[in-house]
Amino acid sequence: MTESVPSRHHDIADDLRQQITTGRIQPGERLPSEADLAARYEVSTLTLRSALAALQGEGLVEKIHGKGNFVRRPLRKIMYVGGWGTLDPWTAAETALRVTVRTTTVQAHGHLTTLLNVPMGSPAVEFSCLSFEGASPHGLARIYIPRDLVPAEVLDGEATQGEEAKRFAVLGPAPAAVRETVCARPPTPDEASALRIGFTLPVLAITRTATDFAGRVVEAALLAFPGDRIDAVFTTHHVIDERQTQG
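Below you will find a few notes about this structure.

Considerations on the pairing of strand S5 (residues 123-133)
Stage number 1. Taken across its 11 residues, S5 has nine buried, putting it largely inside the fold.
Stage number 2. Across 10 bridges, strand S4 (residues 98-107) lies against S5 in antiparallel orientation. Considered in S5, the bridge of Thr103 is made with Phe127.
Stage number 3. Note: S5 against strand S6 (residues 136-146), 10 bridges, orientation antiparallel. Opposite Cys129, over in S6, you have Ala141 as the bridge partner.

Description of the packing of aromatic side chains
Two descriptors summarise a pair of aromatic rings, namely the distance from one centre to the other and the angle between the planes of the rings.
Stage number 1. With the rule as written, the count across this model stands at two aromatic pairs.
Stage number 2. Where Tyr80 meets Phe225, the ring centres are 5.8 Å apart and the plane angle is 50°; that geometry is what we call tilted. Residue Tyr80 is located in strand S3 (residues 78-81), and its partner Phe225 is located in strand S9 (residues 217-226); the two are separated by 145 residues in the primary sequence. Phe225 matches Tyr80 in its accessibility class, with the two residues each being buried.
Stage number 3. We classify Tyr80 as buried; its relative accessible area is 1%.
Stage number 4. Among the aromatic residues, ring-to-ring pairing joins Tyr80, Phe225 and Phe234 into one connected group.

Considering the sheet that holds S5
Stage number 1. With respect to topology, six strands assemble into an open sheet ordered S4-S5-S6-S9-S8-S7, the strand pairing being antiparallel. Strand pairing shows two members of the sheet lacking a second neighbour, S4 and strand S7 (177-185), which therefore form its edges. Between one strand axis and the next, the sheet turns by 15° as a mean value, whatever way the strands run.
Stage number 2. Both S6 and S9 contribute to a ladder of five bridges, which runs antiparallel. Considered in S9, the bridge of Leu140 is made with Ala224.

Reading the values: the criteria
All residue numbers refer to position in the chain's written sequence, counted from 1. Where totals are concerned, whole chains, interfaces and linings use all residues; where local detail is concerned, this predicted model gives features only for residues with pLDDT of at least 70, and gives and counts side-chain atom pairs only at 80 or more. Hydrogens and water are ignored here; the side-chain numbers use all heavy atoms of the structure. Whether a residue is buried, partly exposed or exposed follows from its accessible area with a 1.4 Å probe, protein chains only, as a fraction of its type maximum: under 20%, in between, or over 50%, in that order. Secondary structure counts use DSSP, requiring at least four H or I residues in a row for a helix and at least two E residues in a row for a strand, with both numbered from the N terminus. One requirement defines pairing of two strands: DSSP has to find at least two bridges between them. Pairing of aromatic side chains requires ring centres within 6.5 Å, counting the rings of Phe and Tyr and the six-membered ring of Trp. Pairs whose planes differ by under 30 degrees are stacked, by over 60 edge-to-face, and all others tilted. For helices, the fitted axis covers only the stretch in contact; all axes are lines through C-alpha atoms, and the angles between them, taken along N-to-C directions, range from 0 to 180 degrees.

Printed below as a string of structure tokens:
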């Protein structure tokens, strides 16, 4: 087995890409095993994985743990509507998506104390949320709310899929202000694994904090979406200064 050209993995990626884009390999179809592909192209498994990583980064292939590599089905973009605060944007605007929610009580430390503006060790509830369209993940969120603001029924018992969405759709009064910081960056290892994307595909990362009329942080959220699966819309409402209308 020889690999005479250092960029051999580019040739393999080009060949597989052509088969995918021309329909020879159909969306949703499982690729041969990595060992079989390496033998077919007469390269090492390491070189073969480099080729697959390039296709994963382009969004053409997704690797599902324990199952193999699949041609990714074309996914429609979802709409993230800025300023929703404690009203979850997925359940509000994307009812077709399935959202799984894992709830955990945590103690604030590090960056979380800054986000929630609370002392170290303050109790909070973490909602770890992953949205899917079919079997493909669309977005990842970690939402934190001070423990005393979360109703007991939200934490008690098991929930059906529909109930999970309702549980944290509206947890309290509408916030007085919502601040969102948006950036595009490479995914973290956890994000790449959960969203089944390569490290070369950027994510749209949104840090969102909602405060009440007293200035208390009632929610802090860390959201990550694959950059090719999301459109974000933010609307600005201009406030008229009443002093200017009273002249």
